[in-house]
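Commentary on secondary and tertiary structure
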Amino acid sequence: ISSIRTASAFARFNLPKSTSHQIHSSSSSKIMATNKNLVVDPFCFRQFKENDSSAGYQGTVFNISMEKFEQIVNERFDPANLQDGYAPFCKHIFIENDFTDARLCVLPITKENEHCLRTKYEARNEKELPVLSRYFDKELLLK
């Protein structure tokens, strides 16, 4: 749900809930009418075990299906709870993660581990501009 790029990257907004419209379903290749507010973006398919591209992905991979994920997220979605992101087009929604096996991959920064903290500019793919990321070096933490 952040620069560690977990659940906040998953949702893409569609038209208002009261409007029936067409979307490309993440769970099938058919175009279908739906009233979902949020869907899994194709960029995030690799984060679901059912997708072949998850095999080599080193980030969080969910054991829940994309269809079930979308269902639960849409059931819990309340537009009043949207939080501003880094840009006007970026919004975050925070929901309790009591439906996946994903684990938090964050650590508090302390005097004991701050020497392991690193920064670098990184793009998730060749179409994105690099952004400054802060992370712990796993090798240094394990020493």
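Because the structure is a prediction, the values reported are computed rather than measured.

Turning to the side chain of threonine 100, a few remarks are in order. Its location among the elements puts threonine 100 in the loop between strand 6 (91–92) and strand 7 (117–122). Given a relative accessible area of 16%, threonine 100 falls into the buried group. Separated by 3.1 Å, the side chain of threonine 100 and the backbone nitrogen of alanine 102 make a polar contact. Discounting residues that sit within four places of it in the chain, threonine 100 has contacts with Phe62, Asn63 and Ile64.

This next bit is on the nonpolar core. Grouped burial of nonpolar side chains is what soluble globular proteins tend to show. Within the largest apolar cluster, 14 residues are counted, with the highest numbers of intra-cluster contacts made by Val40, Phe48, Ile64, Met66, Phe69, Val73 and Phe99. Within the residue set of this core, elements represented by two or more residues are strand 4 (38–40) and helix 1 (66–76). Of all the elements, helix 1 adds the most residues to this core, at 4 residues.

Moving on, we get to the environment of leucine 82. Summarising the element assignment, leucine 82 is placed in the loop between helix 1 and strand 5 (83–84). Look at leucine 82 and you get partly exposed, because its relative accessible area is 26%. For leucine 82 and phenylalanine 94, which are 12 residues apart along the polypeptide, the C-alpha to C-alpha distance reads 7.9 Å.

On the surface, Leu107, Leu141 and Leu142 cluster together to form a nonpolar patch covering roughly 290 Å² of accessible area. Relative to the helices and strands, leucine 142 resides in helix 2 (residues 138–142).

So, about the pattern of salt bridges. A pair can form between side chains of opposite charge whenever their charged atoms are brought close. Taken as a whole and judged by the stated rule, the model has 5 salt bridges. Here lysine 36 and glutamate 70 are joined by a salt bridge, their closest N and O atoms 2.6 Å apart. Taken together, the positions of lysine 36 in the loop between strand 3 (31–34) and strand 4 and glutamate 70 in helix 1 put the pair 34 residues apart, joining distant regions of the chain. The pair formed by lysine 36 and glutamate 70 is uniform in burial state, with each residue classed as buried.

What follows deals with helix 1. For helix 1, the set of buried residues is Met66, Phe69, Glu70, Ile72, Val73 and Asn74. Where helix 1 is buried, its residues meet strand 4.

The next point concerns the packing of aromatic side chains. A ring pair, where both rings are aromatic, is described by two values, the distance of the centres and the angle of the planes. Within this structure, the stated rule accounts for 5 aromatic pairs. When the ring of phenylalanine 48 is compared with that of phenylalanine 69, the centres are 5.3 Å apart and the planes differ by 75°; the resulting orientation is edge-to-face. Remark: phenylalanine 69 occurs in helix 1 and phenylalanine 48 occurs in the loop between strand 4 and helix 1; sequence separation between them is 21 residues. With respect to burial, phenylalanine 48 and phenylalanine 69 carry one shared label: buried. For the pair tyrosine 86 and phenylalanine 89, a centre-to-centre distance of 5.9 Å together with 85° between the ring planes defines the contact as edge-to-face. What makes tyrosine 86 exposed here is its relative accessible area of 69%. An aromatic cluster is defined as three or more aromatic residues linked by ring pairs; in this entry it consists of Phe48, Phe62, Phe69 and Phe99.

What counts and how
Residues numbered from 1 in each chain as written. Predicted model: local features only at pLDDT ≥ 70, side-chain atom pairs only at ≥ 80, totals over all residues. Heavy atoms only, no water. Helix = DSSP H or I, 4+ residues; strand = E, 2+ residues; numbered from the N terminus. Buried < 20%, exposed > 50% of the residue type's maximum accessible area, 1.4 Å probe, protein only. Polar contact = N/O pair within 3.5 Å; in protein donor to acceptor, adjacent residues only side chain to side chain. Contact = heavy atoms within 4.5 Å. Core = buried A, V, L, I, M, F, W, Y, C linked by side-chain atoms within 4.5 Å. Patch = residues over 30% accessible without salt bridge, like charges linked within 9 Å, V, L, I, M, F, W, Y side chains within 5 Å. Areas by Shrake-Rupley, 256 points an atom, 1.4 Å probe, with all protein chains shown as cover. Salt bridge = Lys/Arg side-chain N within 4 Å of Asp/Glu carboxyl O. Phe/Tyr/Trp six-rings, centres within 6.5 Å; stacked < 30°, edge-to-face > 60°.

So, to be careful, I would describe these as geometric facts and stop short of saying anything about function.
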